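Okay, here's what each chain looks like letter by letter:
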Amino acid sequence: MRTTVGIIGAGPAGLLLARLLHNAGIDAVVLESHDRAYVERRQRAGILEQGTVDVLRAAGAGRRMDREGLRHDGIELRFDRRRHRIDFPGLTGGRSVMVYAQTEVCKDLIALQLEEGGPLLFEAEALAVEDADTDAPRVRFRHQGREDVLECSYVAGCDGFWGVSRRAVPAGLTRVFERTYPFGWLGILADVAPSHDELVYARHDRGFALLSMRSPSVSRLYLQVPDGTDAAAWGDEEIWDELERRFETADDWRLERGPITQKSVTPMRSFVHEPMRHGRLFLAGDAAHIVPPTGAKGLNLAVGDVVTFARALVHLEQTGSPELLDSYSETCLRRVWQAERFSYDMTTLLHRLPGATPFEDRLQLARLERIAGSRAAETDLAEAYTGFPLDRG
């Protein structure tokens with residue numbers, strides 16, 4: 001099998017890249033190790049930055065998002081029983097975010113790829129990327145019980161943290177930067193209307209809490225828990241009681257309860273792999289970087305990566321210049337490190353470390369007071385949360 005771009009992974013990064021290349025007249029094949037049902041139901045991020053929304057619309061993948069997604073013009077910070085709203089459009093010149101689950105983005109892009117795009121092979125397990133440092137890289141994969149080879153001009157490794165793509169970069173050329181956190185998020189889905197019309201980020205002495213949503217009738221909520229927590233160890237009423245404590249305010253706001261349909265625990269990690277390119281292999285999304293979910297940056301960073309790669313490939317075809325491809329890693333990493341910084345800042349601002357001292361508690365409150373009392377500090381948060389333009393490295 002032969003194609004111009006071999007894409008490993010049918011998450012949002014791989015699927016969007018396939019769509020961008022199709023629209024540019026560049027052929028691609030997508031290999032996905034799981035079946036379609038798995039890809040379309042795995043729960044991941046749900047906040048789309050302004051730039052991601054704009055890219056999906058321009059790619060022809062925004063119709064259902066615009067119909068069913070929930071535009072949000074701000075978030076609320078809670079601390080010391082107080083509430084402070086961050087006004088995104090007023091601070092950023094009109095930018096906002098969209099609540100639209102990654103599962104729905106994948107459904108939309110899969111439908112478009114199967115209807116209009118090139119081959120999308122489910123249950124096609126990538127085994128190795130070979131000859132990445134030559135003009136003819138190859139992807140060995142297993143599909144329908146037999147091994148095959150995809151010969152490419154370029155390989156896009158969009159196969160996540162545990163995929164094979166990153167292993168093709170020689171260890172001697174690699175630098176890894178990472179941090180693990182001593183806590184995770186206990187997340188629930190509940191069949192109850194959200195108790196607030198925007199996301200609520202709560203800092204509390206008992207730990208962080210987040211109020212989010214998947215739709216007008218389904219709430220998504222999170223609690224900071226110790227690393228290694230078993231979700232099944234938490235009873236439903238125990239979860240609701242703890243959420244009430246952490247979201248408590250001095251006014252008459254109330255948390256609405258409902259049937260919990262799903263529980264899971266998400267570990268927290270910061271991770272960056274440099275470089276993001278080796279020869280004709282280009283890493284994108286979780287294959288190259290992980291952020292804690294506090295800043296809602298993971299999916300959006302992946303979109304930035306594949307937009308950068310697609311533009312660079314189009315530039316090469318139109319001008320013959322490999323300049324943008326050669327600078328892919330450097331361009332992406334500028335945005336990656338800003339997202340890592342923001343995600344780390346939000347995480348340390350709102351989560352309570354085990355054994356935190358009164359001094360550290362007061363520093364957190366002082367940082368929150370600064371945001372609540374300074375337009376400059378608010379603007380910095382709003383600009384980072386809604387995302388910087390994708391045409392800027």
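Position labels on residues start from 1 in each chain and follow its written sequence. With pLDDT at 70 or above as the cut-off, local features in this predicted model cover only qualifying residues; side-chain atom pairs require 80 or more to be listed or tallied, and sums for whole chains, interfaces and linings still use all residues. With hydrogens and water set aside, each side-chain value is computed from the structure's full complement of heavy atoms.

Under an unreviewed UniProt entry, the name given to the chain is 4-hydroxybenzoate 3-monooxygenase, and the organism recorded is Streptomyces dubilierae.

So, the overall build of the chain
Secondary structure elements are defined from DSSP: runs of H or I of at least 4 residues count as helices, runs of E of at least 2 residues count as strands, and each element is numbered from the N terminus. A tally of regular secondary structure across the chain gives twelve helices and 20 strands. Radius of gyration here uses only the C-alpha atoms, and the compact-globule reference equals 2.2 Å multiplied by the residue count raised to the power 0.38. Taken over the C-alpha trace, the chain has a radius of gyration of 21 Å; the compact-globule value for 393 residues is 21 Å, and the two agree within 12%. By residue count, 56% of the 393 residues in the chain fall in the buried class. Residues count as neighbours in contact if any of their non-hydrogen atoms are within 4.5 Å of one another. In the chain, 71% of the contacts between residues at least 6 apart in sequence involve partners at least 24 apart. Carbon and sulfur atoms form 47% of the exposed surface of the chain, whose accessible area is close to 16,800 Å². In the chain, the 49 positive side-chain charges and the 59 negative ones have mean positions that sit 2 Å from each other. The buried label applies to any residue whose accessible area, calculated with a 1.4 Å probe on protein chains only, is under 20% of its type's maximum; exposed applies above 50%, and partly exposed to all values in between. Here the accessible surface of atoms and residues is derived via Shrake-Rupley with a 1.4 Å probe, and residues count as covered only by protein chains that are part of the display. Only four residue types enter the charge count: Lys and Arg as positive, Asp and Glu as negative, with His and the chain ends excluded. Throughout, a charge is located at the NZ atom of Lys, the CZ atom of Arg, the CG atom of Asp or the CD atom of Glu.

Points about the pattern of salt bridges
Any two side chains of opposite charge can pair, on the condition that their charged atoms come close. Definition used for salt bridges: Asp or Glu carboxyl oxygen within 4 Å of a side-chain nitrogen of Lys or Arg. Under the definition given, this model contains 38 salt bridges. Of the charged contacts, one joins Glu68 and Arg67 as a salt bridge, the two residues approaching to 3.7 Å between their closest N and O atoms. Classification of Glu68 as partly exposed rests on a relative accessible area of 41%. In this structure, Arg206 engages Glu242 in a salt bridge whose closest nitrogen and oxygen atoms are separated by 2.8 Å. Linking Arg206 in the loop between strand E14 (199-203) and strand E15 (209-215) with Glu242 in helix H7 (residues 236-247), this pair joins segments that are 36 residues apart in sequence. The exposure class of Arg206 is partly exposed, given its relative accessible area of 47%. Judged by relative accessible area, Glu242 falls into the buried class, the value being 5%. What emerges from the salt-bridge pattern is a single network uniting Arg64, Arg67, Glu68, Glu104, Lys107 and Asp108.

Looking at H7
Here H7 contains twelve residues, and its C-alpha end-to-end distance of 17 Å stays within 8% of the 16 Å for a straight helix at 1.5 Å per residue. Considered for burial, the residues of H7 that qualify are Ile239, Trp240, Glu242, Leu243, Arg246 and Phe247. An end-on view of H7 places all buried positions within 165° of arc, on one side of the element. Packing partners of the buried residues in H7 comprise strand E5 (74-79), strand E13 (175-190), E14, E15, strand E16 (218-226) and strand E17 (260-274). An expected span of 1.5 Å times one less than the residue number is assigned to each helix. The reported arc concerns the directions from the helix axis to the C-beta atoms and nothing else.

Focus on the UniProt feature "domain: FAD-binding" (unreviewed entry) in the chain
UniProt positions are given in the numbering used here, feature names are shortened, and annotations may be inferred rather than shown by experiment. According to UniProt, the positions carrying the feature "domain: FAD-binding" (unreviewed entry) are residues 2-343. Strand forms 33% of residues 2-343 and helix 31%; the C-alpha atoms that close the span are 39 Å apart.

Section: the state of the cysteines
Our working definition of a disulfide is a cysteine sulfur pair at a distance within 2.5 Å. The final tally for this structure, using the stated rule, is zero disulfides. Free cysteine: Cys106, not disulfide-bonded; nearest cysteine sulfur from Cys158 at 12 Å. Cys158 takes part in no disulfide bond, and the closest cysteine sulfur, belonging to Cys332, lies 11 Å away. Exposure remark for Cys158: the relative accessible area of 9% places this residue in the buried category.

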